[in-house]
Structures are given as structure tokens and as C-alpha cells.
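Architecture at a glance
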Amino acid sequence: MAIRRRSYRLAEEPVTGAVRLIPVPASAPPSPLSAHADGAEREDQRQLREWAELAIGTGHTRGRGHSGDGTGLSYSRLPDGGSLLCATAAGGDVAAYHLTEADTLARFAEEWPITWWAAGADRTEHEPARDAAPAAVGHDELVAFARAHETRVAPFLADVRRLFDDPAGRQLVVAEERPGAVARWIALACASLPAAYVPSLTFTTGAADPGRAPQHIVGIGPDADFDRGDPTVLDHLYRVHDGLGGPGSPPRADTWATWTARLWIAGEPLPEAGAADGDPFAAGPLVPRLLRAGLLTGRELTGLDGDALRAAVATLVASVADPGTDPAGLLAVCRELHAHDPAAAAPLALALARHRLGAARPEELPGELTAVCAEVPLGADAQRALRGEYGGDADKALRRALRDPVDTWAEPLRIALAVGADDGRGIGEAIERLARALRDPTGAERAPAVRVLDDVGSEPLTRRVLRRLADTPHTRRLDLLVELADSPYGDWLRRSLDENAPLPLRLAEAASRWRAGGAGLRGMELFAKLTEVLPRRRVTDADTLKQMWWLVWGSSCPAPAELAWVAHTCTMRLLVAAGYGLRMTGLLAAPDGVDRELVGFAADLLHETQLPRRDRATAELLVVAQDLADGRKALRQGLRRFEALCVDAGPLGSTVRRGVFRLVALALARADADQLARPPAFDQLVAAGPELLDPYRAFMLDEDRRGRLERELPLRPAEVAAYYYLWRPRERRGISHDWQRVAAELLDEVLGPVAVRLDDRQLSHVADAMLDRQGIDRVREWTAWRNSFRAR
């Protein structure tokens, strides 16, 4: 190294007695940079001495930086771009080295972290003794030092890094008993920093006046003029690392510093610096060494930010092929990282899988791929990529094998499944052809297909074949499924089915089993038994109903006695949706009862264009009766349509007749009295028979309705008059005896209690209403009836 060196001694001047740097005369002939014979110094020598005095004045050991005598070291940047390295010996000798900028940036940056500075071998007797210079510190000594100060290493390195992250960052004050300990902290910093940063790190191992020291790292002793416990100093002015028992500044978190400290304490060498255009303090390059030493977990990687995490993972990916990398440790890190960040772990997982598969022999590849997919945390995309890379040949081999007889497919299938080639065409074609073989009408290919599935022994494959077997189960295919269940391979089918198997297969197998033999189930009993296979034992969709219908009745329909049970089990609307409405028209003539479900069935049947005329009239009669009861159809028009439909429907079954007349009776009971007293309602009532009048009477005598009428009729005189006209008709043609009986009862039970409670004003209003419509004779009759009722 081209270093200009001058030697000085701290001593008193003979004349003035001042303590200052005195040049040490050399016994050898003066060099171009030595003092002149007459004692005058050249300008560059004078400037060098001034710089040396400035540096040594802040770092010499006789000041207040450290007590007692001892060696010290100082490194400062100079205004000319170079550097000044000074060392003091116990006796006060000083060696000052002036390094040019080229020297500093070239060889010094490479040699300083390793050798520091040592006196040259050609020193003269007046130069500082060799043992006065700082001795070189090796890796082992720094490891021992780091272990002795384990808890302080990471916070110290974190602050050293921030000297370069923030040009205005705070200086580091290192308080130690002796300057040698400070020197080792500085050596640790130099050995940890990227090489390009080392020449920029200035320091002094012992500052006489720490407040004026310009270096990055300032060492002080126990009696230095520096308040190490001042909160302002600790939190705002300096970053203090106190080895003398003081509090020191609060530590800062830093991944690079933490991991670097971990390597020092473990005795592991640090990796070479990263690329010049990258982050020199990136934590990624530390990962392989940490991993090799067992000092890293995948969870710690998640603490890195996006770019740093990607760089760390990229380093791990690059280390996969390194023979010195522990595969088990790398896999453990990958799994932990995947648990917290699957996307970040994906490149590492894929690299591990490819490395492992690349080392497998061809005959081992199927089993190895299966094991890799099970052990390495691969996502679906990664597994698909691997199968594409390593399963392509297996897929092609399987497709070639499918040209041969079914018996030969087992081994190619097993290999294709093992390497995960199920995304290829071969597996799909094999599934289709196996399903076709099991449905073979001749039965010739069923045996080899079952043998292949048993030989392969893959439950997922068998499930896929069964699903394909049950796809689009039209009637002929359902018959083939039943034939398979009836064949010698029915036991294989039953073993392969579970509760998650396709429903058509389970229905076909159940139908085969329950209708087998002479005493097997048929008709409604078989249908009821098949519902046990269904969720909640209910038919809830049209497709399932079609399958069950075909398995039980084929193209025919249930017996008349079974219609109501089937309708109740499946619902009328579902029967119509499945296309069985026309087969269930017998329900219109003989249902279990007339309810809204039957009416809904009738309404749906009206959309069937092939519905016979009489059945259509019956269906519409049910709908009209329900509309009248619900008030959706006007009473006048509805009753006329009802009468016409009764004629078109012909003789009605007793259940239907009672049901529709009950609905009409409910409509009449809910109607206003004025409507009932007019045609056609009046004519319908007075001529009706028991099927209409009995439910009408029951609705009118209902306790709740009677109570409501007793409260409301006194306030509605016109309605009182209408009810009297309706229920006390004069003799006329067409009035039935049943009506006379019902009307007399309603008059006494409903209107009588109301009439006796009317006051004179209300009676006057009722009389006026009767007079306007029925005449004076009717008013006299009303008055006489009321008086007689009161007298009872």
C-alpha cells in the first residue's frame, strides 16, 4: 500500500515546555517527506502533523478518554479525500499514516477488516515499537469476543448499519474499561460490514473530548467527561453502547444485524457481500449459512418485507442444489414459511420438488412424485406443473395402452396415477372406456373392467369411474345399471358404493336388491323403500323422481289406490314438473281430500294441452272454488262459472264434491249479506242441498264469527235488513227444505241476539232499509218477529 508515514512523540518542547507532537528524527537518511536539515518542515509535513494532532487529540490515551497508559487507535477522513490512521503507544509514541483516496478505496478496503494496521518490518529505532501498534484480530478472537458480549452484538451492528442508511444518523459512543475492548467492537463492525463501506467508517478508541470527536464510533473510558445516563443523550444525541453498567440507548430491531450477530456467536463465517447494484445489507445472502448452522426458521422469514423476503427465498432456491445444504432443514423452513405465506414459499417448494425428482431413477419416478406431492407443501398450480413435466410420458403410454384389450390397462393406469398425470387425456379416456365396459349390454367387458379397477386399487379412480357410470342416467342407462347390480359383479358394485356415491347408482343397486326374488318388492312398496336412500327420505327434485319412477313403474303409472300416496310423498307440483301430471289425473276423481296441494296440482294440469275435457273441467272446478274461497274471484261471476263446470265435469266423486262445495260455502259465509240476498247467490243458496248448506251453516255458527257479527251488525242496519231478507224468505218456487231448516236456525242463532239489542234509533234505520227494498209489509213482519223473539 502506498502510505506516507510520519512518526511523532507526545512530549514537552525543550524551550516552551508545551506538551505537543514532536517529530521523531530518523537515523536513516531523510526521505522526501522527512524534515529538512535546518529543522524547517515542508508544507505537506506540517499539514500532516496538524491532521495527526487533530486526530490524536481526540483519540490519544493520555487524555480523559481512558485512564492510564495504553495503546489507542484513530481513523478519520481528511479534507483531501484521503484518510488518516493514527496509533499511539503506551510511551506516547505516535505513528500517523496518510492514505490517499486511491489507497483507501482500493487495497485498504480489502485489508483493513482482516489485518488492521501493523508497523512495517523496516522500521527504524526511532519509530514506534512493533508491539505499540494495534495487533491484528483474527476471526476466532472476534467470535470469542462476540460470545462474551452476546446480547450487545445485534444492537451494536444495527446502529453501525444505520450510520450508512442515514447520513445524518447519530454517532455511536462505546463505553468500555479499556480501549482494547473498543477496538474489538470496531473490528467486529469492520468484519461485518460490506467491504465497500469499511473505508468510510471512522472511529477512535479513546476520545479526550467525546463531544468534539467527529468520528462515527467514539470510544470512551469510565472517567470520560460524558454523561452516559442522561436520557437526552441516550434518546436523541448519541447511540450509546455501555459496557460499564450504564443503561445504554434502547436497542433497535434489524434483521441483517440480528442474523449477522447470530452467525458471529455461532462461529460461522459471514458470506461474501452481495451484488453492487443490490442491497449490500440484504438479509438474503445470510440465509444459506444460517440454514446450514441450524440457526434459521421459516417463520423468521415472514418478518422480512416484500423485496427482502423474495431475495431471501431466491437465495434459498439457489442453495437447493448446493451439496452442503441440509435438505431436511430446508424442507422444514419451507413448510414453516408455507404455513404463514404460501405464495412466498411456492418457488422454494417447487425447487425442492424438482431437485428431488431430478435425482430419481425412471422406475422410481411414479412413487417419488407421489411422495414429493405429499411431503413438500406444493400448491395446486405447482403440482400441476410437476405433473406436466414428469407425467407427460406416462399419459402418452396410457393412451397407447388403451388401444389394447381392457385386461392390459392396469399397469399403465397405475403409473399414470402415481405420477399425477390425471390432467392428461389418457386418464379421462380410460375412465370413459371403463364406464362403458361396465355398462356393456352383453356383459362381456364387465369382468376385465372390474379386474383392472381392483388391480389398480385406486379409490379415487374407482369413484371417478362410478361418477361417469351414473352421468346422464336416461332410462336405458338405468336399466344397464340395474343389470350390472344383478350380475355377478353386483357385490363389487356394492363394495364400491358409499353414501357419497352418485344417487342413480345407489338407487339402481337398491332397486336390484329389493325387488330380487319372487317375494321382492313392487309398486308403492318398492317406491317407499327407495326413498330410504334419499336425504331426509323425501323426493325433492324432478330428476330423482324420474329415476325412481322408471325403476318402479317404467313407462306405466301407479295403481289408482297408490296415486294419493305417491302424490303425498313427492308433492303434486314435483309430479307435474317431472312430466307425470297426465299419469296422475286419477287423483282429480278420487283424492284423499281437497286441499291447496290438490288445487295447485289442478292449476298446473290446466297447462297440459292433452288433458281430457272432463278432467280439465274438474281441474278448473277445483281452481274456481279455491279462488272464490280466497276472494280472488267475484262472487257473481264465480258462482255462474262454478255451476257450468259442475255440469261439464259430470258426476263428481264424493270427496271432490264435498271439497268444492265446502270452498263455495266458505265464500258465501265471507260474502256481504247484500250480495247473498241477490241472484245468483240467493238462488244458489235457497235451492242448495246439504253438501253446500251444512258447511255454510257451520261457518256462520262458528263462535268467532258469531261474536264478530254481534258486535258489528248493530252498526250496519242495511246488513241486518239483508240477513233478515235472506234467512226468512217468503214462500216461492225452488226453495229447498234444507234451506228452510238452515235459514230458520241462523235467523234465531245469529240475527236474533242482534235484533234484541238494537235501540230505537238503530231499529228506525233497519226499518228504513227494509222499506226501501222490501216494502211496508216486510217491515211489519220484521217488527212482529223481533217482538216474538224478545218474548221467548
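Cut-offs applied
- Throughout this document, residue positions are counted from 1 along each chain, in the order its sequence is written.
- Totals for whole chains, interfaces and linings use every residue, but because this is a predicted model, local features are given only for residues with pLDDT of at least 70 and side-chain atom pairs only at 80 or more, for both listing and counting.
- Calculated side-chain values reflect all of the structure's heavy atoms, with hydrogen atoms and water omitted.
- Counting from the N terminus, the helices are DSSP H or I runs at least four residues long and the strands are E runs at least two residues long.
- We call a residue buried when its accessible area falls under 20% of the maximum for its residue type, exposed when it is over 50%, and partly exposed in between, using a 1.4 Å probe and counting protein chains only.
- Throughout, a residue-residue contact means that at least one pair of heavy atoms, one from each residue, lies within 4.5 Å.
- With residues, only the protein chains shown are counted as cover, and all accessible areas are computed by Shrake-Rupley using a 1.4 Å probe.
- Each aromatic pair joins two rings of Phe, Tyr and Trp (for Trp, the six-membered one) with centres within 6.5 Å, and gets the label stacked for planes under 30 degrees apart, edge-to-face for over 60, and tilted for any other angle.
- Charges are assigned to positions over rings by a cutoff of 6 Å between ring centre and Lys NZ or Arg CZ, combined with an angular limit of 35 degrees from the ring normal.
- Residues grouped as a nonpolar core are buried Ala, Val, Leu, Ile, Met, Phe, Trp, Tyr and Cys residues, joined through side-chain atoms within 4.5 Å.
- We treat two strands as partners when DSSP finds at least two bridges between them.
- Definition used for salt bridges: Asp or Glu carboxyl oxygen within 4 Å of a side-chain nitrogen of Lys or Arg.
- By this rule the span expected of a helix is its residue count minus one, scaled by 1.5 Å.

**A closer look at the overall build of the protein chain**
What the protein chain contains, in helices and strands, is 39 helices and 9 strands. Residue burial in the protein chain is summarised as follows: out of 792 residues, 48% are buried. Expressed as a percentage of contacts within the protein chain between residues at least 6 apart in sequence, the contacts between residues at least 24 apart total 65%. Counting every atom, the protein chain has about 37,800 Å² of accessible surface; 51% of that belongs to carbon and sulfur.

**What about the packing of aromatic side chains?**
Counted according to the given criterion, the structure contains 19 aromatic pairs. Site record: aromatic cluster; members linked through ring pairs are Phe 527, Trp 549, Trp 553, Trp 565 and Tyr 580. Note that Lys 529 overlies the ring of Trp 514, its terminal NZ or CZ placed 5.3 Å from the centroid.

**Concerning the nonpolar core**
Leu 413, Leu 530, Leu 668, Tyr 696, Trp 727, Trp 739 and Trp 782 are the most contacted members of the largest nonpolar core, which has 141 residues in total. No other element matches the 10 residues that helix 31 (residues 654-670) contributes to this core. Of all hydrophobic cores here, the second largest spans 78 residues; its members include Leu 163, Trp 264, Leu 348 and Val 376.

**A word on the pairing of strand 6 (residues 172-175)**
Residues Leu 172 and Val 174 of strand 6 are buried on one face, and the alternating residues Val 173 and Ala 175, pointing to the opposite face, are buried as well. As defined by bridge partners, strand 6 adjoins strand 8 (residues 217-220) across 4 bridges and the pair is classed as parallel. By the bridge assignment, Val 174 is partnered in strand 8 with Gly 219. Where strand 6 and strand 9 (residues 239-242) come together, 4 bridges link them in parallel fashion.

**Remarks on the pattern of salt bridges**
Scanning the entire structure with this criterion turns up 40 salt bridges. Of the charged contacts, one joins Glu 532 and Lys 529 as a salt bridge, the two residues approaching to 3.5 Å between their closest N and O atoms. Judged by its relative accessible area of 27%, Lys 529 is partly exposed. The shortest N-O distance in the salt bridge between Glu 712 and Arg 716 comes to 3.2 Å. For Glu 712, a relative accessible area of 26% puts it in the partly exposed group.

**A short note on helix 11 (residues 327-340)**
Under the 1.5 Å per step criterion, the end-to-end length of helix 11 is 20 Å for 14 residues, consistent within 8% with the ideal 20 Å. Looking only at helix 11, the buried set comprises Gly 329, Leu 330, Leu 331, Val 333, Cys 334 and Leu 337.

**Quick word on unusual backbone geometry**
Omega for the peptide link from Pro 679 to Pro 680 comes to 0 degrees, which places this bond in the cis form. Topologically, Pro 680 is positioned in the loop between helix 32 (673-676) and helix 33 (681-686). Of note, Arg 536 is a non-glycine position whose phi angle comes to about 60 degrees, a positive value. Positioned with a positive phi, Arg 537 is a non-glycine residue whose angle comes to about 55 degrees. With respect to the helices and strands, the residue Arg 537 is situated in the loop between helix 23 (523-530) and helix 24 (542-553).

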